[in-house]
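Listed below, chain by chain, are the residues.
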Amino acid sequence: MKTRSIRNFSIIAHIDHGKSTLADRLLELTGAIDPRKACDQVLDSLSLERERGITIKAKSVTLHYHHCDRDYVLNLIDTPGHVDFSYEVSKSLQACEGVLLLVDAAQGVEAQTVANAYLADEAGLTILPVLNKIDLAMARPDEVEAEIEHSLALEREAVLRVSAKTGQGVPAVLEAIVARIPPPGGDPAAPLRALVFDSVFNDYRGVVLHVRIVDGRLGPGERVRLMASGREYDVDEVGHFRPELRKARGLETGEVGYVIAAIRDLKDVRVGDTLTTARDAGRVAALPGYRPPLHTVFCGFYPDVATDYTALREALDRLALSDPSFSYLPESSDALGFGFRCGFLGLLHLEIVKERLERDHDLALVQTLPNVSYEIVPAAGAPYRIDAPGKMPDANLIREIREPVVLVSLIVGADQVGGIMRLCIERRGSFVSQEYISTTRVRLQFRMPLSEIIHDFYDRLKSITRGYGTMDYQFAGFAAADLVRLRILVARSEIDALSLVVHRSQAEYRGRKILQKLRKEIPRHLFEVALQAAVGGKIIARETISALSKDVTAKCYGGDVTRKRKLLEKQKEGKRRMRAVGGVEIPQKAFLAALRTDEEN
Amino acid sequence: MDSREMTGLYVHLPFCPRRCGYCDFAVVVGREPEAEAYAEALSAEVGWLARTTGRPRLESLYFGGGTPTRTPAAVLRVLAAVRAAFAVADDAEVTVEANPESATEETLDRLRAAGVNRLSLGVQSFDDGCLRRLGRSHDAAAAGAAVQRARERFPEVSVDLMFGVPGTSAKSWRRDLERAVALGPDHVSTYCLTVEEHTPLARAIRRGEAPPSEDALEAAHMALAAAFLPACGYARYEISNYARPGRASRHNLRYWRNQSCLGAGVAAAAFWAGTRWTNTADFDAYLARAAGRPAALFPPGPAADFHEHLPPRAALGESILVGLRLLEGVDLGALSARHGVSAEETFGAAIRAEIEQGLLERRGDRIALTARGLRFANRVLMAFALPGEGVRQSPRAS
Ligand SMILES: Nc1nc2c(ncn2[C@@H]2O[C@H](COP(=O)(O)OP(=O)(O)OP(=O)(O)O)[C@@H](O)[C@H]2O)c(=O)[nH]1
Ligand code: SF4
Ligand SMILES: [Mg+2]
């Protein structure tokens, strides 16, 4: 296959604008799948993707397209739209020369539309704007075209109108791909350089590398080296995604495909690494590669009493095979015992990992409150990061605490700007810019502490904008802030799992909320139990659980001793499931309630 | 003297005019037309029980409910069946539970004539407001009159009172106790209103329509009864029960001493030869099954829904946890011998922990709840509740 007959492109868009559905139509039109047999969004093959109806992992597929007496090879990558997985988008873009930028004709340009368009632009790719869902009665194609022109600086004339659902306009998309996206460059005669843009663990085949051949060619039997890790392997098999793995004799310059080379462990492969032949390794320069994904959200996972620690560790090890993008390190807590501190790409990612652990691995977990990482500038010594509030040193040892800050972009209705402004300022945001993308829709940008948006910010945004507002954020460095460690004490013993790092102005409010929840959930004891919230040595809120005056069942139940014994057994089991801290028995659900932030507003 | 084993028999009569808001007993409303059929089913079950247990001698017979006095003919019918099937000791305690409104002169006379010698009256309160809030069908005047009528006819009369009812005060509870004592019963039971799940009362509390129970108030009322009744000659012999000398309920003592006791009727519990079983709580299922033949060998009986035979350690725990309700406590030496396992080995550590907490005390070979322990009995008893391996039976087709 000649390089000039190849086209490599990704489909990018805001979440739910129809990327995977458009991919279905492209697969059907090129005969890669049989429309009568395929399900919707065939590329969303993970069970969680199917259940949630969203794409989580980018997926590649090779299409054969015959047009004007020529055969083309199209390599399509379907990407996720959710902000947590934007790393998947950036990885995919490196393997492409162009993108289909989908915009929902009813919803219009949204936060991730803009963010993803910028990513494509920065990567120097050709952008084909595609207006999708024109079949919808609510579609407003002319207005949305104007939004595209205005906010993305793309020409109106270039916009294709399609319905991924009905297939209307899709043949024109294929024509535009070959006409407007340039073929890959690269030198077929040069030594091999292939970009590893993804890697997936397959139970039967081991690690499957997803590569884009930049220069040269690669076939089975070749001895290859991963340049960053220095490891060498013998290639067993190469091929294309059709979308199942289809073996080929070789991968040519410009092509996208897979490589299987007896790699056992995903940890041995760094996505973004350059693959070359062992003999050429000294002669070629590595490709630019990627920054590793940033873990923005952290939390502790602890086994429930019913689940053991070993089972949790094994489940995490297993899960890491298929999702290398979360981190986990052992930690321990007085209140919760032994567990793991985990890092995630965002809250949805956290939720998905937790769901997979609980469901696929049948574990019962206690999750601590999600937090961000902090940069501590100690009174003496170099700055360092902590990812758990419990690791915050005493205030007198700290010169400065810095927290992660993000640039948040929001697209909202013009009449909702006031409400959003108030929300962002209440969340310690500072205004950056405001831009009309049409007469009725506005794009706002704020600099905000990341910690402020991981706690129910999205829900507030949705409620203020009646569901229409969208947001995207990018990491923008660490900034000093007046942060304190809020400690929660039960009967004067600190409950480490409940400590929080909060802005000084919110310490009292948050402390009081947590104490109120604990008060509801901790059963009364034979003695009075004091609940306190403290910053440093200073108590800033307190609650008391009064002593119990009696615990005795009056009834005789007509001699039904079994029933009475069962009641006591149940009570005893409840007691067994509690954690004793400072002589006070705290039920699991008290931790869970205190750790929950929803319903706070 | 008859050398046959002594036991007791409980007979359940589930009929009530309407369900009280706090009640979670096995009760049926509006099924009185079927009382005769029910009495037949009971008689069949009683006959079966007697045959399979080798006709033991009954030292106590207890008709509970529901409201047995609502269907006196059924009580009499079953009483006759019991006498025909079992040997009833001459001095047996024969108790019938009664509600004031159905304890008419005629009914009481008929019961007395049939040999009933103890009447347990569900008075609950002598305060009209309190009775209304409980959803009872009688008022204070009716309650007083009923106790009077019972006293005139029966050698032993017991009165049930309830405390911890929302809207009551220490003052009203004290008045209830005074009224009860003034009527001169032999026995007084004081039960704290328990909010059982799935009752109208529980729902009302959840919706905020009724105030939630207050344990401080309940504890105060419990303490009031514990001080007042003994001063009037009623000794406290169990957490909730008080009696004049020699008038403790022999039937209930069998339960607390974990002695055998048979049961007949809807939801009735039985304990015989180390096996416990509980009958179905479903009225129709009971009617269909009571007269049938049990699928398994004895026990359990034909209408049982659940049965278990506890391993020795769990059985010992059970003996301790029921026995500690009695103020006399339990004799650990005797119980170790009875169950063939050492109480010290099984529960020594738990017992010492409770003694340290001031909830239990040791008196020679016996242990008993302290005054404080009586208030927190569940905390202590919990330690002795070991899981059994009960079998829940799927209802057999009749
Ligand atoms: N009416 C209509 N619905 C469409 C069209 N295209 C997609 N949809 C629907 O929009 C929803 C989202 O489609 P997906 O293809 O899963 O969207 P996506 O962009 O891949 O979503 P993520 O991968 O989660 O970002 C589905 O319910 C589709 O059926 C279209 O052209 N018309
Ligand atoms: S009278 Fe007794 S058994 Fe009948 S409904 Fe009322 S509380 Fe329940
Ligand atoms: Mg998708």
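Before reading on, note that the structure itself is shown above.
Residues numbered from 1 in each chain as written. Chains lettered and ligands numbered in written order. Predicted model: local features only at pLDDT ≥ 70, side-chain atom pairs only at ≥ 80, totals over all residues. Heavy atoms only, no water.

## Some remarks on the overall build of chain A
1) Next: For chain A, the count of helices and strands is 14 helices and 31 strands.
2) Next: Looking at chain A residue by residue over its 601 residues, the buried ones come to 57%.
3) Next: For chain A, contacts bridging at least 24 residues in sequence account for 69% of all contacts bridging at least 6.
4) Next: Surface accessibility of chain A: about 25400 Å² in total, with carbon and sulfur atoms responsible for 49%. (Helix = DSSP H or I, 4+ residues; strand = E, 2+ residues; numbered from the N terminus. Buried < 20%, exposed > 50% of the residue type's maximum accessible area, 1.4 Å probe, protein only. Contact = heavy atoms within 4.5 Å. Areas by Shrake-Rupley, 256 points an atom, 1.4 Å probe, with all protein chains shown as cover.)

## Quick notes on the coordination of the magnesium ion (ligand 3)
All names here are of chain A.
1) Next: Surrounding the magnesium ion (ligand 3) are the protein donor atoms S20 (OG) and T55 (OG1), at 1.9 to 2.1 Å. A residue pair is termed long-range when its members are at least 10 positions apart, and S20 in helix α1 (residues 19-29) and T55 in the loop between α2 (47-52) and β2 (59-67) qualify at 35 residues. Here S20 and T55 have matching classes, each one buried. (Donors = N, O, S within 2.8 Å, 3.2 Å for Na, K, Ca; no water.)

## Topic: the sheet that holds strand β15 (residues 330-331) of chain B
Residue and element names in this part refer to chain B.
1) Next: The strand order across the open sheet formed by three strands is β15-β17-β16, and the pairing between neighbours is antiparallel. Each edge of the open sheet carries a strand with a single partner, namely β15 and β16 (360-363).
2) Next: The pairing of β15 with strand β17 (residues 366-369) spans two bridges and is antiparallel. Counted as the bridge partner of V330 is I367 from β17.
3) Next: Sheet strands in contact with helix α13 (residues 343-356) are β16 and β17, and its direction is about 120° off that of β16. (Pairing = 2+ DSSP bridges. Axes fitted to C-alpha atoms, helices over the stretch in contact; angles between N-to-C directions.)

## A closer look at the site of ligand 2
1) Next: Close contacts around ligand 2 come from C16, R18, R19, C20, Y22, C23, V27, G66, N99 and R136 of chain B, and that covers them all.
2) Next: For the shell around ligand 2, a count of residues per class yields five nonpolar, two polar and three charged. (Near = heavy atom within 4 Å. Nonpolar A, V, L, I, M, F, W, Y, C, P; charged D, E, K, R; others polar.)

## So, the packing of helix α12 (residues 507-521) of chain A against helix α14 (residues 588-595) of chain A
All names here are of chain A.
1) Next: Interaxial distance between α12 and α14 falls to 8 Å at its minimum, and their mutual angle equals 155°. Considering the angle they form, α12 stands roughly antiparallel to α14. By crossing handedness, the relation of α12 to α14 is classed as right-handed. Only K589, A590, A593 and A594 of α14 make contact with α12, whose side of the interface consists of I514, K517, L518 and E521.
2) Next: Looking at the contact of α12 with α14 residue by residue, the class counts come to five nonpolar, no polar and three charged. (Parallel < 35°, antiparallel > 145°, perpendicular 65-115°, else oblique. Left-handed = near helix turned anticlockwise from the far one by under 90°.)

## A few points about unusual backbone geometry
1) Next: At the junction of R242 of chain A and P243 of chain A, the peptide bond is cis and its omega measures out at -20° in the coordinates.
2) Next: You can see P243 of chain A is positioned in the loop between β11 (237-241) and β12 (245-248).
3) Next: Here the residue pair G65 of chain B and G66 of chain B is connected by a cis peptide bond, since its omega of 20° sits within 30 degrees of zero.
4) Next: Relative to the helices and strands, G66 of chain B resides in the loop between β4 (57-65) and α2 (72-85).
5) Next: With a phi angle near 55°, D362 of chain A is a residue other than glycine that sits in the positive phi range.

## Considerations on the sheet that holds strand β4 (residues 98-104) of chain A
Residue and element names in this part refer to chain A.
1) Next: An order of β2-β3-β1-β4-β5-β6 is seen for the six strands of this open sheet, with the pairing classed as mixed. The open sheet has two edge strands, β2 and β6 (160-161), and neither has a second partner.
2) Next: Pairing of β4 with strand β5 (residues 126-132), which is carried by seven bridges, proceeds in the parallel orientation. Along β5, the bridge assignment pairs L102 with V130.
3) Next: The strands touched by helix α3 (residues 86-93) within the sheet are β1 (6-13), β3 (70-78) and β4, with β1 carrying the most contacts at an inclination of about 160°.

## A few points about the site of ligand 1
All names here are of chain A.
1) Next: The environment of ligand 1 is formed by 19 residues, the closest being K19, S20, T21, T55 and D135.
2) Next: K19 has a polar side-chain atom sitting 2.8 Å from an oxygen atom of ligand 1.
3) Next: Between ligand 1 and N132 there is a distance of 3.1 Å, counted from an oxygen atom to a side-chain nitrogen or oxygen.
4) Next: Coverage of ligand 1 by the protein amounts to 84% of the 650 Å² it exposes when considered alone.
5) Next: For the shell around ligand 1, the element with the highest residue contribution is α1, accounting for three residues.
6) Next: Of the residues belonging to the shell around ligand 1, the class tally is four nonpolar, ten polar and five charged. (Polar contact = N/O pair within 3.5 Å; in protein donor to acceptor, adjacent residues only side chain to side chain.)

## A closer look at the interface of chain B and chain A
1) Next: Across the boundary between the two partners, chain B contributes 42 residues, which contact 26 residues of chain A.
2) Next: Between chain B and chain A, a total of about 3300 Å² is buried, with carbon and sulfur atoms accounting for 54% of that surface.
3) Next: Among the residues of chain B in contact with chain A, N378, R379 and M382 of chain B are the three that bury the most area, contributing 20% of the side total.
4) Next: For the interface between chain B and chain A, the tally reads six salt bridges.
5) Next: Counting across the interface, chain B meets chain A through 17 residue pairs in polar contact (both at pLDDT 80 or more). (Buried area = accessible area lost by both parts, 1.4 Å probe. Salt bridge = Lys/Arg side-chain N within 4 Å of Asp/Glu carboxyl O.)

## As for the packing of aromatic side chains
Residue and element names in this part refer to chain A.
1) Next: For the structure on display, the rule yields 18 aromatic pairs over all chains.
2) Next: With a centroid separation of 5.1 Å and 5° between ring planes, the pair formed by Y309 and F340 is classed as stacked. One end of the pair, Y309, is in helix α7 (residues 309-322); the other, F340, is in strand β17 (residues 337-344), with 31 residues separating them in the sequence.
3) Next: Under the relative-accessibility criterion, Y309 is labelled partly exposed at 25%. (Phe/Tyr/Trp six-rings, centres within 6.5 Å; stacked < 30°, edge-to-face > 60°.)

## With respect to the packing of helix α11 (residues 312-323) of chain B against helix α12 (residues 332-339) of chain B
Residue and element names in this part refer to chain B.
1) Next: Interhelical geometry of α11 versus α12 gives an angle of 145° and a closest axis separation of 10 Å. Judged by the twist between their axes, the crossing of α11 over α12 is right-handed. Note on element contacts: α12 touches α11 through L332, L335, S336, R338 and H339, opposite P312, A315, L316, S319 and I320.
2) Next: Of the residues contributing to the contact of α11 with α12, the split by class is six nonpolar, three polar and one charged.

## What about the environment of R250 of chain B?
Residues and elements named next belong to chain B.
1) Next: Within the element layout of this structure, R250 appears in helix α9 (residues 250-256).
2) Next: The class for R250 is partly exposed, based on a relative accessible area of 29%.
3) Next: Distance in space between the C-alpha atoms of R250 and S60 is 6.8 Å, their sequence separation being 190 residues.
4) Next: Residues contacting R250, with those up to four places away along its chain left out, are E59, D91, A92 and E93.

## Some words on the side chain of S260 of chain B
Residue and element names in this part refer to chain B.
1) Next: Inspection of the secondary structure puts S260 in the loop between α9 and β11 (262-264).
2) Next: Looking at S260, the relative accessible area reads 11%, which means it is buried.
3) Next: Within the local environment of S260, its side chain forms a polar contact with the side chain of T7, the two groups lying 2.8 Å apart.
4) Next: Leave out the neighbours within four places in its chain, and S260 touches E5, M6, T7, G8, R254, F271 and W272.

## Description of the pairing of strand β1 (residues 6-13) of chain B
Residues and elements named next belong to chain B.
1) Next: Burial within β1 is extensive, with seven of its eight residues counted as buried.
2) Next: Relative to β4, β1 is paired through eight bridges, and the arrangement is parallel. Within the sheet, the bridge partner assigned to M6 lies in β4 and is R57.

## Description of the pairing of strand β7 (residues 156-163) of chain B
Residues and elements named next belong to chain B.
1) Next: Most of β7 is tucked away: eight of the eight residues are buried.
2) Next: Side chains E156, S158, D160 and M162 of β7 all project onto a buried face; the interleaved residues V157, V159, L161 and F163 project onto the opposite face, where all are buried too.
3) Next: Sheet analysis places strand β6 (residues 118-124) next to β7, joined by six bridges and oriented parallel. Each bridged residue has a counterpart across the sheet, and for L121 the counterpart in β7 is V159.
4) Next: What joins β7 to strand β8 (residues 187-192) is helix α6 (residues 170-182), and the crossover it makes is right-handed. (Right-handed = clockwise from strand over helix to strand, strands pointing away.)

## Describing the nonpolar core
Within soluble globular proteins, side chains that are nonpolar generally end up buried alongside one another.
1) Next: Counting 110 residues, the largest nonpolar core has L9, F86, I320 and L324 of chain B as its most contacted members.
2) Next: Not counting residues up to four positions away in its chain, the partners in contact with I320 of chain B are V330, L332, L335, F347, I367 and F384 of chain B.
3) Next: Counting 47 residues, the second largest nonpolar core, distinct from the first, contains V412, C424, I454 and V501 of chain A. (Core = buried A, V, L, I, M, F, W, Y, C linked by side-chain atoms within 4.5 Å.)

## Description of the pattern of salt bridges
Oppositely charged side chains may form a pair once their charged atoms are brought near each other.
1) Next: Using the criterion set out here, one finds 78 salt bridges over all chains in the structure.
2) Next: A salt bridge links E331 of chain A to R341 of chain A; its shortest N-O distance comes to 3.0 Å. Here E331 of chain A is found in strand β16 (residues 327-333), whereas its partner R341 of chain A is found in strand β17, with ten residues between them in sequence. Residue E331 of chain A shares its accessibility class with R341 of chain A, and that shared class is buried.
3) Next: Measuring nitrogen to oxygen at the nearest pair gives 3.9 Å for the salt bridge that ties R110 of chain B to E106 of chain B.

## Some points on the environment of L201 of chain B
Residues and elements named next belong to chain B.
1) Next: Mapped onto the elements, L201 comes out in helix α7 (residues 200-206).
2) Next: The spacing of L201 and Y22 is 179 residues in sequence and 5.3 Å in space, taken between C-alpha atoms.
3) Next: The contact partners of L201, leaving out residues within four places of it in the chain, are G21, Y22, L193, V195 and A210.

Note that every value here comes from positions in space, so none of it alone points to a role or purpose.
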